[in-house]
Amino acid sequence: MACAGDVPTLETMAAVMLLRDYVPDIRIRVVNVVDLMVLQPQSEHPHGLDERAFDTLFTTDKPVIFAFHGYPALIHKLTYRRTNHHNIHVRGYKDEGTTTTPFDMVVLNDLDRYRLALDAIERIPRLRDRVPDETARYWALIERHKLHVYEEGDDLPEIRAWQWRR
């Protein structure tokens, strides 16, 4: 899991907690990118990571779910020369939104914790048999969220009060 931006980082960390609940033996690395230029090769930008450092962080063969506060195409452009580029799946801003709750904005842009967790499950080969059940769980959670926002005009209490736990 990788992230850049305050809300994507919060949603990524919440997705990691969900994944640990759903798949207790899962191993996940979280990379929080503060300077986007590190994603480029060193030959393209002075802050860019060399190939070895990039591959150490982002692996050469594992799926990477990248939550980003901007347009996903930017992350793809910055990483297109990297070894594992074909395994980098970016969730970001899709020009979706209206006057709604903060969490509903991330749901509308498919950048919420439930979507990120499902993205990971869909891309981890050993979890493929769980995808139908996890997809059903995802839609049930989103329906519950949407109903609550419609009826209460606020995010679910567990979303508003979310805190990281080890």
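Refer to the structure above for everything that follows.
Because the structure is a prediction, the values reported are computed rather than measured.

Visitor: Can you explain the packing of aromatic side chains? Please cite residues and give values.
Guide: A complete count under the given rule lists four aromatic pairs for this structure. The ring of Tyr138 is capped by Arg115, whose NZ or CZ atom sits 5.3 Å from the centre of that ring. Over the ring of Tyr22 we find Arg137, and its NZ or CZ is 3.6 Å from the ring centre.

Visitor: Explain the side chain of Asp104 residue by residue, including any values.
Guide: Structurally, the position occupied by Asp104 is in helix α4 (residues 102-108). Among the polar contacts made by the side chain of Asp104, one reaches the side chain of Thr100 at a distance of 2.6 Å.

Visitor: Can you break down unusual backbone geometry residue by residue, with the values?
Guide: For Thr59, which is not glycine, the phi torsion reads 65° and is therefore positive. When you line up the elements, Thr59 lands in the loop between α2 (51-58) and β3 (64-68). Backbone geometry places Asp95, a non-glycine residue, at a positive phi of 60°. Tracing the sequence through the fold places Asp95 in the loop between β4 (88-91) and α4.

Visitor: Before we move on, can you summarise the packing of helix α5 (residues 113-123) against helix α6 (residues 131-152) with the specific residues and values?
Guide: Remark: α5 packs on α6, axes separated minimally by 10 Å, with the N-to-C direction vectors making an angle of 175°. Put simply, α5 runs roughly antiparallel to α6. Only Val131, Glu134, Thr135, Tyr138, Leu141 and Ile142 of α6 make contact with α5, whose side of the interface consists of Tyr114, Arg115, Leu118, Ile121 and Glu122. Split by residue class, the contact of α5 with α6 holds seven nonpolar, one polar and three charged.

Rules and cut-offs
- Residues numbered from 1 in each chain as written.
- Predicted model: local features only at pLDDT ≥ 70, side-chain atom pairs only at ≥ 80, totals over all residues.
- Heavy atoms only, no water.
- Phe/Tyr/Trp six-rings, centres within 6.5 Å; stacked < 30°, edge-to-face > 60°.
- Lys NZ or Arg CZ within 6 Å of the ring centre and 35° of its normal.
- Helix = DSSP H or I, 4+ residues; strand = E, 2+ residues; numbered from the N terminus.
- Polar contact = N/O pair within 3.5 Å; in protein donor to acceptor, adjacent residues only side chain to side chain.
- Axes fitted to C-alpha atoms, helices over the stretch in contact; angles between N-to-C directions.
- Parallel < 35°, antiparallel > 145°, perpendicular 65-115°, else oblique.
- Contact = heavy atoms within 4.5 Å.
- Nonpolar A, V, L, I, M, F, W, Y, C, P; charged D, E, K, R; others polar.

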